[in-house]
Amino acid sequence: MNEILNMTINEMPRTEFDCSCGRRHNFSVHDMVIRKGAIEELPRVAAPFKNEKILVVFDQNTFKVAGQKAVELLKKDGFHLKELLFDSGDNILIPDESVVGRILQEQDPDVKLMIAVGSGVINDSVKYVTSRTGLPYIIVATAPSMDGYVADGAPLISAGYKYSYDAHLTYGLIGDTDILQTTPDDLIQAGFGDVAGKITAIADWDLAVKANNDYRCDTCVELVKRALDKCFSKAEGLKTRDGEALGALLEALTLTGVAMALVNMSRPASGAEHMLSHFWEMDFIARGLNPNHHGIQVGVATPVIARFFEEMKDILPEGTARLCPPHEEIEELLRKGGAPADPKEIGIGRELFHQSLLEGWKVRPRYSVLQFAKEKGRLEEIADKITKEIYG
């Protein structure tokens, strides 16, 4: 029982076990390779599809750092490829209808596998399309920037609104630490911010269990906590692109994805801090602005949500408040890893910030500390107080 807690990350694919939570979990990803030089394993991981047509998807940045190498390796080994490159220029590629539609247009009838080379946008877009067309896909990770590599959800923009669509798990993950060391600083910050967000996500999950009778798997909670401990202990190395620190970051993001896959929902990784991030992102897009990276916003939102737990410690269920450290401690952790910790640093104005605290709970149908505050009649009072403390 709970065998997965005794496995290394590369041993976890195709795991099935009875869990102490009462459910039988399975992790159906076929292969995960996270190490130095891992991209050399791509032909082996894709070998079952060698005699089929493969669509490889990247953008202008991910092509340079990994896509070109991936294509060379596969062609040298005799694979039949079609390539799709997105060029967004100086703008951020948005995972919306145009991107998803383009991938679908380029999926010829004889394509039997897709390989996504990238991080959040490319991974989520390919994941969504292949889940709808019934194809497997492999992800070649180019940045430790988010936790969705081995999760089955696909957050996309539709008609200007952000939705998290049910999709499917990747067939295989390639995480080459040599490639990760080329990651731009802002994407490393995004990954670390996303990992920091698990602090309040776990506290939020506990609150939902006690106040809303939600299901929880303690094995998954333990899996995430272990990943966080390892990542946080090496946080300082992220600022110098230390290989071990970047590997620990990707491992933390991947293990969180494993936890999400085991329970078929994003609860182990996503709470009210993600709701604020989604709210800010949708506002930026609606105004025609490039949004911040998702994980950077999640990191900034995490100490904000920690303040809600602090403000309501007198009425929270027993034991919940202890799961969330003081907001000052989280801010210090973020800065240790080189990530922003204040909403003003990332262009979140006072009005948008205050509005997100009042309305962020509506973004996703998930019980959180924001909804708890609303039910207890404390939401407006706390939102006003936090906004004044941060913005003056």
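Refer to the structure printed above.
Just so it is clear, the model here is predicted, and its values are computed rather than measured.

A few points about the sheet that holds strand S3 (residues 31–35)
- Reading across the sheet, the six strands line up as S3-S10-S7-S6-S4-S5 and stay open at both edges, with parallel pairing between neighbours. Edge positions in the sheet fall to S3 and strand S5 (80–86), since each has one partner strand and no second. Averaged over all pairs of adjacent strands, the angle between their axes in this sheet comes to 15°, without regard to strand direction.
- Inspection of the sheet shows strand S6 (residues 111–118) paired to strand S7 (residues 137–141) by five bridges, in the parallel sense. Among the inter-strand pairings, Ile-115 is bridged to a residue of S7, identified as Ile-138.
- On the sheet, helix H8 (residues 243–263) packs against S3 and strand S10 (172–176) and is oriented at approximately 160° with respect to S3.

A look at the packing of aromatic side chains
- All told, the structure shown has eight aromatic pairs when counted by the stated rule.
- Ring centres of Tyr-163 and Tyr-165 lie 5.9 Å apart, and the angle between their planes is 50°; this geometry places the pair in the tilted category.
- Assessed through its relative accessible area of 39%, Tyr-163 is described here as partly exposed.
- Looking at Tyr-165, the relative accessible area reads 23%, which means it is partly exposed.
- Arranged with centres 5.2 Å apart and planes meeting at 50°, the rings of Phe-353 and Tyr-391 form a pair that is tilted. Of the two residues, Phe-353 sits in helix H12 (residues 350–359) while Tyr-391 sits in helix H14 (residues 379–391), which places them 38 residues apart along the sequence.

Topic: the packing of helix H6 (residues 185–212) against helix H7 (residues 218–233)
- Taken N-terminus to C-terminus, the directions of H6 and H7 make an angle of 145°; their axes are 10 Å apart at the nearest point. In this structure, H6 crosses over H7, and the sense of that crossing is left-handed. Across the interface between the two elements, Phe-192, Val-195, Ala-196, Lys-198, Ile-199, Ile-202 and Trp-205 of H6 pack against Val-221, Val-224, Lys-225, Leu-228, Cys-231 and Phe-232 of H7.
- Residues that form the contact of H6 with H7 fall into these classes: 11 nonpolar, no polar and two charged.

Regarding the pattern of salt bridges
- Per the stated rule, a full pass over the model turns up 34 salt bridges.
- Among the salt bridges present, the one from Asp-108 reaches Lys-82, with a minimum N-O distance of 3.1 Å. Here Asp-108, found in the loop between helix H3 (97–106) and S6, pairs with Lys-82, found in strand S5; they are 26 residues apart in sequence, far enough to count as distant. Of the two residues examined, Asp-108 and Lys-82, each falls in the buried class.
- What you see here is one network of salt bridges that share partners, running through Lys-53, Lys-82, Arg-102, Glu-106, Asp-108 and Asp-110.

Brief notes about helix H4 (residues 120–133)
- Between its terminal C-alpha atoms H4 stretches 20 Å, which fits the 20 Å expected from 14 residues at 1.5 Å a residue.
- Taken as a whole, H4 has its buried residues at Gly-120, Ile-122, Asn-123, Asp-124, Ser-125, Val-126, Lys-127, Tyr-128, Val-129 and Thr-130.
- Gly-134 sits one or two positions beyond H4 and adopts a positive phi of about 80°.

Considerations on the state of the cysteines
- Counted according to the given criterion, the structure contains zero disulfides.
- Free cysteine: Cys-217, not disulfide-bonded; nearest cysteine sulfur from Cys-19 at 3.6 Å.
- For Cys-220, which is in no disulfide, the shortest distance to another cysteine sulfur is to Cys-217 and amounts to 3.6 Å.
- Residue classification places Cys-220 among the buried positions, given a relative accessible area of 0%.

Some points on the environment of Asp-194
- Within the secondary structure, Asp-194 sits in helix H6.
- Classification of Asp-194 by relative accessible area gives buried; the value is 0%.
- Measuring from C-alpha to C-alpha, the distance between Asp-194 and Leu-135 comes to 28 Å, with 59 residues separating the pair along the chain.
- Not counting the four nearest positions on each side in its chain, Asp-194 is found in contact with Ser-145, Met-146, Asp-147, Leu-253, His-274, His-294, Gly-295 and Val-298.
- Only 3.3 Å separates the side chain of Asp-194 from the backbone nitrogen of Asp-147, close enough to count as a polar contact.

Considerations on the environment of Gln-181
- Mapping Gln-181 onto the fold places it in the loop between helix H5 (177–180) and H6.
- Classification of Gln-181 by relative accessible area gives partly exposed; the value is 33%.
- With 57 residues separating them in the primary sequence, Gln-181 and Leu-238 have C-alpha atoms 9.6 Å apart.
- If we ignore the near neighbours within four places in the chain, the residues touching Gln-181 are Arg-241, Asp-242, Gly-243 and Leu-246.

Calculation notes
Residues numbered from 1 in each chain as written. Predicted model: local features only at pLDDT ≥ 70, side-chain atom pairs only at ≥ 80, totals over all residues. Heavy atoms only, no water. Pairing = 2+ DSSP bridges. Helix = DSSP H or I, 4+ residues; strand = E, 2+ residues; numbered from the N terminus. Axes fitted to C-alpha atoms, helices over the stretch in contact; angles between N-to-C directions. Contact = heavy atoms within 4.5 Å. Phe/Tyr/Trp six-rings, centres within 6.5 Å; stacked < 30°, edge-to-face > 60°. Buried < 20%, exposed > 50% of the residue type's maximum accessible area, 1.4 Å probe, protein only. Left-handed = near helix turned anticlockwise from the far one by under 90°. Nonpolar A, V, L, I, M, F, W, Y, C, P; charged D, E, K, R; others polar. Salt bridge = Lys/Arg side-chain N within 4 Å of Asp/Glu carboxyl O. Expected span 1.5 Å × (residues − 1). Disulfide = S-S within 2.5 Å. Polar contact = N/O pair within 3.5 Å; in protein donor to acceptor, adjacent residues only side chain to side chain.

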